[in-house]
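Residue-level listing of the chains:
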Amino acid sequence: MSRVTNTPFPEGFLWGGATAANQIEGGWDEGGRGPAAGDFAIHLPKEQRSKINGEMYKDVNVKQIERIEKNPENYNLAKRRGVDFYHRYKEDIALMAEMGFSVFRMSISWSRIYPNGDDAQPNEEGLKFYDDVFDELHKYGIEPLVTLDHFDVPLNLIKKYSGFKSRETIDCFEKYCETVFTRYKGKVKYWLTFNEINCVLTNPYACSGVLLNDQSERTYELVYNVSHNQFVASAKAVILAHKIDPEMKVGCMLCRLENYAASTKPEDVLQTVFEDHFNFFYTDVQAKGEYPYYIHRFFKEHNIKIDMKPEDAEILKAGKVDFISISYYMSYVAQYKNQEIIEPTGSLVAVIKNPNLAMSEAGWPIDPVGFRTALNRIYDRYGLPIFIAENGLGSTDHPGENGYVCDDDRIEYMKGHVREMREAIEDGVDVFGYAWWGPMDLVSSGTSEISKRYGMIGIDADNDGNGTYNRFKKKSFYYYKKLIASNGADLENNIGDQPLDDWCANGKYTVENV
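Each value, and the rule that gives it
- Residues numbered from 1 in each chain as written.
- Predicted model: local features only at pLDDT ≥ 70, side-chain atom pairs only at ≥ 80, totals over all residues.
- Heavy atoms only, no water.
- Helix = DSSP H or I, 4+ residues; strand = E, 2+ residues; numbered from the N terminus.
- Rg over C-alpha atoms; globule rule 2.2 N^0.38 Å.
- Buried < 20%, exposed > 50% of the residue type's maximum accessible area, 1.4 Å probe, protein only.
- Contact = heavy atoms within 4.5 Å.
- Areas by Shrake-Rupley, 256 points an atom, 1.4 Å probe, with all protein chains shown as cover.
- Lys, Arg positive; Asp, Glu negative; His and termini not counted.
- Charge placed at Lys NZ, Arg CZ, Asp CG, Glu CD.
- Core = buried A, V, L, I, M, F, W, Y, C linked by side-chain atoms within 4.5 Å.
- pLDDT = per-residue confidence, 0-100.
- Pairing = 2+ DSSP bridges.
- Phe/Tyr/Trp six-rings, centres within 6.5 Å; stacked < 30°, edge-to-face > 60°.
- Patch = residues over 30% accessible without salt bridge, like charges linked within 9 Å, V, L, I, M, F, W, Y side chains within 5 Å.
- Salt bridge = Lys/Arg side-chain N within 4 Å of Asp/Glu carboxyl O.
- Axes fitted to C-alpha atoms, helices over the stretch in contact; angles between N-to-C directions.
- Parallel < 35°, antiparallel > 145°, perpendicular 65-115°, else oblique.
- Left-handed = near helix turned anticlockwise from the far one by under 90°.

Student: Even after reading the chapter, I still don't get the overall build of the protein, so can you show me in this structure?
Tutor: For the protein, the count of helices and strands is 16 helices and 12 strands. For 514 residues, the compact-globule formula gives about 24 Å, and the C-alpha radius of gyration of the protein, at 22 Å, lands near that figure. Oriented by its inertia axes, the alpha-carbon framework of the protein measures out at about 60 × 55 × 50 Å. Across the 514 residues of the protein, 61% fall into the buried class. For the protein, the share of sequence-separated contacts (at least 6 apart) that also reach a separation of at least 24 residues comes to 78%. Accessible surface, the protein: about 19,500 Å² in total, of which carbon and sulfur atoms supply 49%. Positive and negative side-chain charges in the protein, numbering 58 and 77 respectively, have mean positions lying 2 Å apart.

Here's what the structure looks like:
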């Protein structure tokens, strides 16, 4: 197999990092912000987690919200703290600029703009905060790429309408979109409507604000109607953006689940087709503007009826996205299930282990070549530009005696995936940007822990909120800086195990058991 030895990355390729407001901002009750979905996600120590409450706060239900509202002091609500980006954004952006970022994927906290989601007027203090953030980014030549809803539905809409279970929430989302598109015209060119929209299948609360009494209410009828409402909301956002500013580009985002057949058995290969259908369904609707042929049999056999209004088909067709964005962390193995009626796997974590791949500390298979495969398949399917909205490695950091973190596992993960992205571009795939998840340590989406660290910028904090929250540079900081400076040509890990500047001016790890 031939390999590219110099960079095929085009001039102007966007290098940067990705975050979410509910995982970094903090300031959850400051500046007029109202409560939202993530504010009721509980961090639990590993030994207390179950398969349900340990993964993407699936256990958030009516009773849990009531208990937390009554006695919040009894719970570790880490997303309310985030990593204090709300107060430290200038410092964080300066560090990103030092690495050479040209793009920063972030999200707007919907409830910071409309505290209840359905307020008559937006919150000016919240609008001003994001004005300040965007201005700071532009000061350094960093392009903001903004997610409108990154698992962040306002609590009032969750309680009042069960989020996107109701079409009323579509109207609230459309009003919110019109407000931010108008306010940030000329400041934000790239937008994403919903983060990992296909995650509604596994967690309708986080993804869509759907409030259940218990998980038995999570039916296919429910989640696919919720999906439909989000498709309509997304399409309306695209239409609005193009009307307000024709220069705006609006994309969708898919958590890409790249599958291999468990064997050469025809049935196993067929299972990969089924798995792709359930995954690509979300981008098929948003990129092609209509429901794909294969989903109708699934709806028929599961007696699923979509509440589609007469105008919806026209809205979906008119509101097709301008580009595709994906998160890619791992690949999967598909084995024929011998199901009379086909249904989704229902897990975002690889169940069948691939013996040909190394595993991360978290037990996720590391598959850079699968990344190249995914990019080729997506571009072949849609022919639209692709932005890498998330790619990263979460692991425990092990500071040396001087507090310096030599995170070679993170560097090698990045090196392998950037190399294969480079090959995909050489294959002819139109990839226009790459955002590492996340540039700084942040609160985990699924477990609300910070000890599973992703950042090239370290945060002096532990899972209980102890620490100074000071920022410091890891070895991967210098590696990514070098990689960006070469526009992806220099992938060699030759940084050395000593800091390259006075990285610890603000202090280093001071908390115990991080």
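Student: Hey, could you run me through the nonpolar core in this one?
Tutor: Nonpolar side chains in soluble globular proteins generally cluster together in the buried interior. One finds F181, W191, Y224 and M421 to be the most contacted residues of the largest nonpolar core, which totals 158 residues. When residues of this core are assigned to their parent elements, the largest contribution, 13 residues, is made by helix α10 (residues 220-244). Ignoring anything within four residues of it in the chain, the contact list for Y224 reads L201, F278, F281, Y282, I295, F298, F299, I304, I306 and P344.

Student: What should I look at first to understand the confidence of the model for the protein in this one?
Tutor: As a note on interpretation, predicted positions should not be read in detail where pLDDT is low. When pLDDT is averaged across the protein, the result is 93; 94% of the residues are at 70 or more. Within the model, pLDDT remains below 50 along residues 51-56, and this stretch shows 16 contacts once partners closer than five positions in the same chain are excluded. In this model, residues 504-514 is a region of pLDDT below 50 whose contacts with residues beyond four sequence positions or in other chains number 32 contacts.

Student: I would appreciate a short explanation of the pairing of strand β3 (residues 143-149) in the present structure.
Tutor: In regular strands, side chains alternate between the two faces of the sheet. Counting buried positions along β3 yields six of seven residues, so the element is predominantly enclosed. With four bridges joining them, β3 and strand β4 (residues 190-194) adopt parallel strand pairing. For D149, the partnering residue across the bridge sits in β4 and is F194.

Student: Hey, could you run me through the packing of aromatic side chains in this one?
Tutor: Any two aromatic rings considered together are summarised by their centre-to-centre distance and by the angle between their planes. Scanning the model with the defined rule gives 45 aromatic pairs in all. Between F323 and F432, the aromatic rings sit 5.3 Å apart at their centres with planes inclined by 85°, giving edge-to-face as the arrangement. Highlighted residues: F323 in strand β7 (residues 323-327) and F432 in strand β10 (residues 431-437), separated in sequence by 109 residues. Like F323, the residue F432 is buried in the burial classification. With a centroid separation of 5.1 Å and an interplanar angle of 20°, the aromatic rings of Y328 and F371 are classed as stacked. Linking Y328 in the loop between β7 and β8 (331-334) with F371 in helix α14 (residues 368-382), this pair joins segments that are 43 residues apart in sequence. The same class applies to Y328 and to F371, which are both buried. Taken together through their ring pairs, the aromatic side chains of Y220, Y224, F231, F278, F281, Y282, Y291, F298 and F299 make up a single cluster.

Student: Mind showing me how you'd approach a nonpolar patch on the surface here?
Tutor: Judged by side-chain polarity, L270, V273 and Y336 come together as a nonpolar surface patch covering roughly 220 Å² of accessible area. Assessed through its relative accessible area of 38%, L270 is described here as partly exposed.

Student: Would you take a moment to explain the side chain of T272 for this structure?
Tutor: Structurally, the position occupied by T272 is in helix α11 (residues 266-288). Classification of T272 as buried rests on a relative accessible area of 12%. Ignoring sequence-local partners within four residues, the contact set of T272 consists of N259, Y260, A261 and A334.

Student: Hey, could you run me through the packing of α11 against α14 in this one?
Tutor: Their axes nearest at 11 Å, the elements α11 and α14 cross at an angle of 45°. Considering the angle they form, α11 stands oblique to α14. Seen along the crossing, α11 lies across α14 with a hand that is right-handed. Contacts between α11 and α14 involve D276, F280, T283, D284, A287 and K288 from the former and R377, I378, R381 and Y382 from the latter.

Student: Mind showing me how you'd approach unusual backbone geometry here?
Tutor: Residues apart from glycine generally show negative phi values, whereas peptide bonds are mostly found in trans. A positive phi angle, close to 50°, is found at F151, a residue other than glycine. With respect to the helices, strands and loops of the structure, F151 is situated in the loop between β3 and α7 (155-161). Non-glycine residue S162 carries a positive phi angle of around 60°. Within the secondary structure, S162 sits in the loop between α7 and α8 (168-183).

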